[in-house]
Amino acid sequence: MRGFSYFQRVFPMVIAVLAVFSLSGCNPDSGAVSQEVVYPSGYARTPYTWEEPIPVEGTDWLLQPQKAADYDKTHAYDLQFLDGDGALLYELPGVGRPTMRGEAAEGGAVWLCSEWWNTVHCNGYMDGSLTQSLILLVDTADGEVLFQEKAGAGELYLTSEGTRCYFYESGEPERIEWFGLVRTPEKNARVFFRDALDWQNPQTVYVFDYVYWPDVASYQDSRLKTRFCLEESGVRVAWESTGKILTSDGKYLPVFSEKAVYEVPFESGAAAVLAPA
């Protein structure tokens, strides 16, 4: 009876803990900062972009991920390159992903980016969920891979100019280890590039005035979004947060609005920090 009494006391607590995990763990993507990459044409990649095939910015070509023949063992995808009518031009084995992007490069080539995200209910683009990217330069005439390299976890590919590939990454807070004997200083978020001719030596373009996000939350539970608008010579980084508006039926509706904007040129020079429109 004593054991049964203990079970009676513990069982409700176990159920409560499982309920909490079921509510918070069923969607591990919730609470993260969403991201959006917007190309000059207006095409955008967001956590909710699932459409296929995927347009290659500045061209009529399309990208199509296709499960590899050994997908059940490797979970690998092939990258299919299609013309504007959807006809297969060539296929690159093992380098495709459900989340891909591409843009025109010089000399009839294209820059392609395959992304690995550990999101569950979203197709990537949740800050902190990017595990790696594969960057390729491909000759569209014959499908020859002219360049191929990996980018690390959290390095969000933005665009390429010449041989430079530009990325955004969040910062890291100060870390104190070994009972305070080892101190790693805080790192703010930044835009940087890796040059295809010197890939292992990233070069910082601009350092932001925040680690993870600027202080733009409208209220305690306000959701945040970063929009990266690619421009001819730089990137416009706009931070949005949800505010609440009262609807006609007496309910509050969360609505995103811009709170901080950074105009970051890719060439050397200071970025402009703008007030919201």
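Coordinates for the structure precede this section.
In this report, the structure presented in the accompanying data block is examined.

Basis of the calculations
The residue numbering used here restarts from 1 in each chain and proceeds along that chain's sequence as written. For this predicted model, a pLDDT threshold of at least 70 governs which residues receive local features, and a threshold of 80 or more governs which side-chain atom pairs are given and counted, while totals over whole chains, interfaces and linings are taken from all residues. Water and hydrogen atoms were dropped before computing side-chain values, which therefore reflect all heavy atoms in the structure. In this scheme, a residue with accessible area under 20% of its type's maximum is buried, one over 50% is exposed, and one in between is partly exposed, where area comes from a 1.4 Å probe on protein chains only. Helix and strand assignments follow DSSP, with helices taken as H or I runs no shorter than four residues and strands as E runs no shorter than two, numbered in order from the N terminus. Any two strands with at least two DSSP-identified bridges between them are counted as paired. We call two residues contacting when some pair of their heavy atoms lies within 4.5 Å. Each patch is built from salt-bridge-free residues with over 30% relative accessible area, joining like charges within 9 Å and nonpolar side chains (Val, Leu, Ile, Met, Phe, Trp, Tyr) within 5 Å. For the area figures, the Shrake-Rupley method with a 1.4 Å probe applies, and any residue is considered shielded solely by the protein chains shown. The working definition used for a salt bridge is a side-chain nitrogen of Lys or Arg within 4 Å of a carboxyl oxygen of Asp or Glu.

As for the pairing of strand β18 (residues 234-246)
Consideration 1: Burial analysis of β18 places 10 of its 13 residues in the buried class, which makes it a mostly covered element.
Consideration 2: Sheet topology places strand β17 (residues 224-231) next to β18; eight bridges connect them, and they run antiparallel. Bridging across to β18, arginine 227 finds its partner in alanine 238.
Consideration 3: From the end of β17 to the start of β18, which pair antiparallel, there are two residues.
Consideration 4: As judged from the 13 bridges shared by β18 and strand β19 (residues 252-265), these two strands associate in the antiparallel manner.

Notes on the environment of tryptophan 213
Consideration 1: Tracing the backbone shows tryptophan 213 in the loop between β16 (198-207) and β17.
Consideration 2: As a C-alpha pair, tryptophan 213 and threonine 226 span 13 residues in sequence and 8.9 Å in three-dimensional space.
Consideration 3: The contact partners of tryptophan 213, leaving out residues within four places of it in the chain, are Val33, Leu224 and Trp239.

Details of the environment of methionine 100
Consideration 1: The residue methionine 100 is located in strand β7 (residues 100-104) in this model.
Consideration 2: Note: C-alpha distance between methionine 100 and leucine 112 (12 residues apart in sequence) is 7.4 Å.
Consideration 3: The contact partners of methionine 100, leaving out residues within four places of it in the chain, are Arg45, Ile54, Leu63, Gln64, Pro65, Leu79, Cys113 and Ser114.

Quick word on a nonpolar patch on the surface
Consideration 1: A surface patch of nonpolar side chains, amounting to about 230 Å² of accessible area, comprises Ile245, Leu253 and Val255.
Consideration 2: One can find valine 255 in strand β19.

Here's the deal with the pattern of salt bridges
Consideration 1: Per the counting criterion, the structure on display carries eight salt bridges.
Consideration 2: Across the pair glutamate 240 and arginine 227 runs a salt bridge whose closest N-O atoms are separated by 2.2 Å. One end of the pair, glutamate 240, is in strand β18; the other, arginine 227, is in strand β17, and 13 residues separate them in sequence.
Consideration 3: Note that glutamate 263 is salt-bridged to arginine 236, the shortest N-O span being 3.4 Å. Of the two residues, glutamate 263 sits in strand β19 while arginine 236 sits in strand β18, which places them 27 residues apart along the sequence.
Consideration 4: Among the charged side chains, a salt-bridge network with shared partners connects Glu36, Lys225, Arg227 and Glu240.

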